[in-house]
2 protein chains.
Amino acid sequence: MKKTRIGIVGYGNLGKGVEAGLKHSPDLELTGIFTRRQPDQLETLSPAYSIDKLIDFKNSIDVLILCGGSQKDIPLQAPELAQTFNTVDTYDNHNEIPVHFERLDKVAKENKTVAVLSTGWDPGLFSLNRLIAEAIMPKGETYTFWGPGLSQGHSDAVRRVKGVKNAAQYTVPKKERVDKVKDKQPIHYNKKEAHKRVVYLVLEEGADESKVKEAIISMPDYFQGYETKITILDQDTLDKDHQGMPHGGTVIRQGKTTDENTAIYQFGLDLDSNPEFTAAVTIAYARAAARLAKERQYGAKTVFDIAPGYLSPESPEDLRRKLL
Amino acid sequence: MKKTRIGIVGYGNLGKGVEAGLKHSPDLELTGIFTRRQPDQLETLSPAYSIDKLIDFKNSIDVLILCGGSQKDIPLQAPELAQTFNTVDTYDNHNEIPVHFERLDKVAKENKTVAVLSTGWDPGLFSLNRLIAEAIMPKGETYTFWGPGLSQGHSDAVRRVKGVKNAAQYTVPKKERVDKVKDKQPIHYNKKEAHKRVVYLVLEEGADESKVKEAIISMPDYFQGYETKITILDQDTLDKDHQGMPHGGTVIRQGKTTDENTAIYQFGLDLDSNPEFTAAVTIAYARAAARLAKERQYGAKTVFDIAPGYLSPESPEDLRRKLL
Ligand SMILES: NC(=O)c1ccc[n+]([C@@H]2O[C@H](COP(=O)([O-])OP(=O)(O)OC[C@H]3O[C@@H](n4cnc5c(N)ncnc54)[C@H](OP(=O)(O)O)[C@@H]3O)[C@@H](O)[C@H]2O)c1
Ligand SMILES: NC(=O)c1ccc[n+]([C@@H]2O[C@H](COP(=O)([O-])OP(=O)(O)OC[C@H]3O[C@@H](n4cnc5c(N)ncnc54)[C@H](OP(=O)(O)O)[C@@H]3O)[C@@H](O)[C@H]2O)c1
């Protein structure tokens, strides 16, 4: 069988994860990595090209996996690239997803391409489970807990505090809340009360520890109102213990099947590497995108629109025999 | 909007669950319950008819939910009814699913109907999660643990033992095994070692307790080789504490996103009522079946073939806005 040819656009954490993850899928092959930077200055394991050359690969790439940032890159790159290529992205700006969808749908339908958006785990697999759980049990309450996991945005915010040399910030769900939900008990949920923030940081020489701590816990949006725990360490320890990018979380629905009976529906992830797992999800959806394009099912698609069988390289017969 | 009209075939635990569950879905309405028994002798909450009258409802039912037993009823009823109606079943004889599929697919395509088979939770949602987890992480190992849950088959087997008046048998996964898998540790898994059997029974008057216990633990297939715990109680306690039909379980994949990094993908259910939850799943797939039939996507379908969005009564726009 002919392999599905993949292009990676953007070589950050996610792009590296896709490059590594493709090795586990013999039905897919990597044509190249496309970057806005000087390609020869990236340490890639596979051929890298300037993004300006992408158009030359029009006929040798079946699906592009877009690995740019959701903030600035995807809103520009995705609609442009969907004019020429089938695409998959992990766009995670939840509020803007409807706009992103409409924009991509128009471009993709006009140009007969498939644009799969907002894959990954949240949005992505978490969304899928929220939908399935609610569709099955219309009566009930869905809770999402994030972490324990490294938050890039919060780590950056701590690093910007005067007196901080380096930092890692973890979002940690409060175990007693999660346990209560799993135990079918009612809880009052809001994001702030349900999570705590755990900070590890290295001080600049001569920095005032108590001022640094005060600056962190009073930071609006990021830390204010959260239970926050700050630990000071030296750079070596930070390097040794806090270099990974673990993440995960849990989606739980407490549903009522009747007034008397409750059902707990639970989906959880515990990831050593957030970008590698996110990449693994995009790879499966890239396989789906290639198939949808072959079937001429053009337009924008989300995880809600794609039958799960499309994600697997196995035949429907084999899937029924082995996994149903 | 016109409601989707549902018929229930067979009024056992599952049929009752569907009748109750339909109340939570205002986009669906129950046309009637169809039984092989005398309809006026069933205590239904809704109109009940003899199954012989089903054909008269050809034009007033959009989807039949088949609630017969997998052992004897579904293999006969499903292919016959799929000639005339769109159907959903929860057929759970895993080894025979491929044959059941082929048979239904032929009938459904010839007669332009949709036949959704083997919904529920195992097969059903568990299968869906096995597929998604493996498609995303081709390298890894998937574990299924069943329970804690009441096993009808094992309870029946205990009740057939000489000296036993009444009994309930629960299948319970061994916590330390489940925890090890969640903790990313390797385990040697086989179904017998991973589960224990917990029996509550009422003795007949004058029965020999030790002989009864011996007969149970030495029963081949059912108990032999399993860690089994037997508790003797009186009928009142059994009636009070063991009348429900709880069940559930967990599907866990330990996947490797790279050689260094592991991801735990976990899906779990904890159900006060197995038949009510199974019913809730069939109801969502009945909604999907009606839509597929409208789109003329005829033939047999499994949970692998149906885009998740079809399960929900909400519009794609609303789903993207609220749940993605
Ligand atoms: N849906 C989900 O569950 C989920 C989960 C995780 C992440 N995400 C999304 O994935 C997006 C990408 O995440 P990421 O961790 O890969 O972001 P990142 O490492 O910051 O990379 C983003 C882009 O920045 C450029 N870049 C990377 N390293 C650079 C460097 N040293 N100097 C200059 N430019 C550099 C790359 O583009 P060029 O190669 O073109 O320069 C890259 O594509 C995030 O914005 C997030 O929204 C989604
Ligand atoms: N996929 C999954 O996850 C899943 C989970 C749970 C169950 N299931 C499947 O669902 C099937 C049905 O389960 P169930 O618990 O509803 O079985 P059940 O209570 O034994 O009912 C099966 C059929 O037996 C008849 N019946 C019920 N009560 C009766 C009575 N008192 N006397 C005579 N006949 C009676 C009914 O047909 P009539 O009304 O026509 O007589 C009914 O449709 C099981 O076989 C199982 O395979 C699947």
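Bear in mind that the values here come from a model prediction, so they are computed numbers and not experimental data. (Residues numbered from 1 in each chain as written. Chains lettered and ligands numbered in written order. Predicted model: local features only at pLDDT ≥ 70, side-chain atom pairs only at ≥ 80, totals over all residues. Heavy atoms only, no water.)

A. Seen up close, the site of ligand 1. All names here are of chain A. In the vicinity of ligand 1 there are 22 residues, among which Leu-14, Thr-35, Arg-37, Ser-70 and Trp-121 approach most closely. Taking Thr-90, its side chain carries an N or O atom lying 3.3 Å from an oxygen atom of ligand 1. Backbone polar atom of Asp-122 to an oxygen atom of ligand 1: 2.9 Å apart, as the coordinates give it. Elements supplying a minimum of two residues to the shell around ligand 1: α1 (13-21) and α10 (274-294). Considered class by class, the residues forming the shell around ligand 1 number 5 nonpolar, 12 polar and 5 charged. (Near = heavy atom within 4 Å. Polar contact = N/O pair within 3.5 Å; in protein donor to acceptor, adjacent residues only side chain to side chain. Helix = DSSP H or I, 4+ residues; strand = E, 2+ residues; numbered from the N terminus. Nonpolar A, V, L, I, M, F, W, Y, C, P; charged D, E, K, R; others polar.)

B. Representation of the site of ligand 2 within the structure. Residue and element names in this part refer to chain B. The environment of ligand 2 is made up of 22 residues, and the closest members are Leu-14, Thr-35, Arg-37, Ser-70 and Trp-121. The separation between an oxygen atom of ligand 2 and a polar main-chain atom of Leu-14 is 2.7 Å. Protein chains bury 70% of the 910 Å² of accessible surface belonging to ligand 2 in isolation. Only α1 (13-21) and α10 (274-294) provide two or more residues apiece to the shell around ligand 2. A per-class count over the shell around ligand 2 returns 5 nonpolar, 12 polar and 5 charged. (Areas by Shrake-Rupley, 256 points an atom, 1.4 Å probe, with all protein chains shown as cover.)

C. Representation of the UniProt feature "binding site: substrate" (unreviewed entry) in chain A in the model. All names here are of chain A. Feature annotation in UniProt places "binding site: substrate" (unreviewed entry) on Trp-146, Thr-171, Arg-197, His-247 and Asn-274, given in this structure's numbering. Here Trp-146 is to be found in strand β7 (residues 140-146). Apart from the residues within four sequence positions on either side, Trp-146 is in contact with Trp-121, Asp-122, Phe-126, Thr-171, Val-172, Pro-173, Tyr-189, Lys-191, His-195, His-247, Gly-248 and Gly-249. In terms of polar contacts, Trp-146 uses its side chain to reach the side chain of Asp-122, at 2.8 Å. If you trace the backbone, Thr-171 turns up in strand β9 (residues 164-173). Residues within four places of Thr-171 in sequence aside, it is in contact with Trp-146, Gly-147, Pro-148, Gly-149, Ser-151, His-195, Lys-196 and Arg-197. (UniProt positions renumbered as here; feature names shortened; annotations may be inferred. Contact = heavy atoms within 4.5 Å.)

D. Here's a closer look at the sheet that holds strand β12 (residues 247-256) of chain A. With antiparallel pairing, 6 strands are arranged side by side in an open sheet as β7(A)-β12(A)-β13(A)-β13(B)-β12(B)-β7(B). The outermost strands of the open sheet, each flanked by one partner alone, are β7 of chain A together with β7 (140-146) of chain B. With direction set aside, neighbouring strand axes in the sheet form an average angle of 5°. Relative to strand β13 (residues 262-271) of chain A, β12(A) runs antiparallel, the two sharing 10 bridges. Following the sheet pairing, Thr250(A) is matched in β13(A) by Gly268(A). Set on the sheet, helix α4 (residues 125-136) of chain A makes contact with β7, β12 and β13 of chain A together with β13 (262-271) of chain B; between it and β13(A) the angle comes to about 175°. Relative to β12(A), helix α6 (residues 175-182) of chain A is tilted by about 35°, and along the sheet it contacts β7, β12 and β13 of chain A together with β13 of chain B. (Pairing = 2+ DSSP bridges. Axes fitted to C-alpha atoms, helices over the stretch in contact; angles between N-to-C directions.)

E. Broad picture of the packing of helix α2 (residues 74-81) of chain B against helix α3 (residues 97-111) of chain B. Residue and element names in this part refer to chain B. Taken N-terminus to C-terminus, the directions of α2 and α3 make an angle of 20°; their axes are 8 Å apart at the nearest point. Between α2 and α3, the interaxial angle falls into the category roughly parallel. Crossing geometry of α2 relative to α3 is assigned as right-handed. Contacts between α2 and α3 pair Ile-74, Pro-75, Ala-78 and Pro-79 from the former with His-100, Arg-103, Leu-104 and Val-107 from the latter. Taken together, the residues of the contact of α2 with α3 break down into 6 nonpolar, 1 polar and 1 charged. (Parallel < 35°, antiparallel > 145°, perpendicular 65-115°, else oblique. Left-handed = near helix turned anticlockwise from the far one by under 90°.)

F. Region of interest: the relation of the copies chain B and chain A. Here chain B sits on chain A after a turn of 180° about the axis and a move of 0.0 Å along it, with an RMSD of 0.0 Å. Those values place the two copies in the arrangement expected of a two-fold rotation axis. When C-alpha distances to the rotation axis are compared across chain B, the minimum falls at Ala307(B), with a value of 1.9 Å. Most of the interface of chain B is mirrored in chain A, where 100% of its interface residues are also at the interface. (Least-squares fit on C-alpha atoms with pLDDT ≥ 70 in both.)

G. Region of interest: the side chain of Ser25(A). Checked against the element boundaries, Ser25(A) lands in the loop between α1 and β2 (28-35). Those residues in contact with Ser25(A) that sit more than four places away from it in its chain are Ile283(A), Arg287(A) and Pro138(B).

H. Main features of the packing of aromatic side chains. According to the stated counting rule, one finds 18 aromatic pairs over all chains in the structure shown. With a centroid separation of 5.8 Å and an interplanar angle of 75°, the aromatic rings of Tyr170(A) and Tyr200(A) are classed as edge-to-face. Here Tyr200(A) lies in strand β10 (residues 195-203) and Tyr170(A) lies in strand β9, a separation of 30 residues in the sequence. Considering the side-chain rings of Phe34(B) and Tyr49(B), the 5.4 Å spacing of their centres and the 25° angle between planes classify their relative orientation as stacked. Linking Phe34(B) in strand β2 (residues 28-35) with Tyr49(B) in strand β3 (residues 48-50), this pair joins segments that are 15 residues apart in sequence. Residue classification places Phe34(B) among the buried positions, given a relative accessible area of 0%. Through successive ring pairs, a cluster of aromatic residues spans Trp121(A), Phe126(A), Phe267(A) and Tyr265(B). Of note, Arg320(B) hangs over the ring of Phe101(A), and the distance from its end group to the ring centre comes to 3.4 Å. (Phe/Tyr/Trp six-rings, centres within 6.5 Å; stacked < 30°, edge-to-face > 60°. Buried < 20%, exposed > 50% of the residue type's maximum accessible area, 1.4 Å probe, protein only. Lys NZ or Arg CZ within 6 Å of the ring centre and 35° of its normal.)

I. Fine view of the confidence of the model for chain A. Averaged over every residue, the pLDDT of chain A is 97; the share at 70 or more is 100%. For this predicted complex, the interface score ipTM comes out at 0.97, while the overall pTM is 0.97. (pLDDT = per-residue confidence, 0-100.)

J. Looking closely at the interface of chain B and chain A. Facing 64 residues of chain B, the contacting portion of chain A comprises 64 residues. Where chain B meets chain A, there are 6 salt bridges. Where chain B packs against chain A, one counts 26 residue pairs in polar contact (both at pLDDT 80 or more). When residues of the side of chain B that touches chain A are traced back to their parent elements, those giving at least two are α3, α4 (125-136), β13, α10 and α11 (316-323) of chain B. Partitioning the side of chain B that touches chain A into residue classes produces 32 nonpolar, 16 polar and 16 charged. (Salt bridge = Lys/Arg side-chain N within 4 Å of Asp/Glu carboxyl O.)

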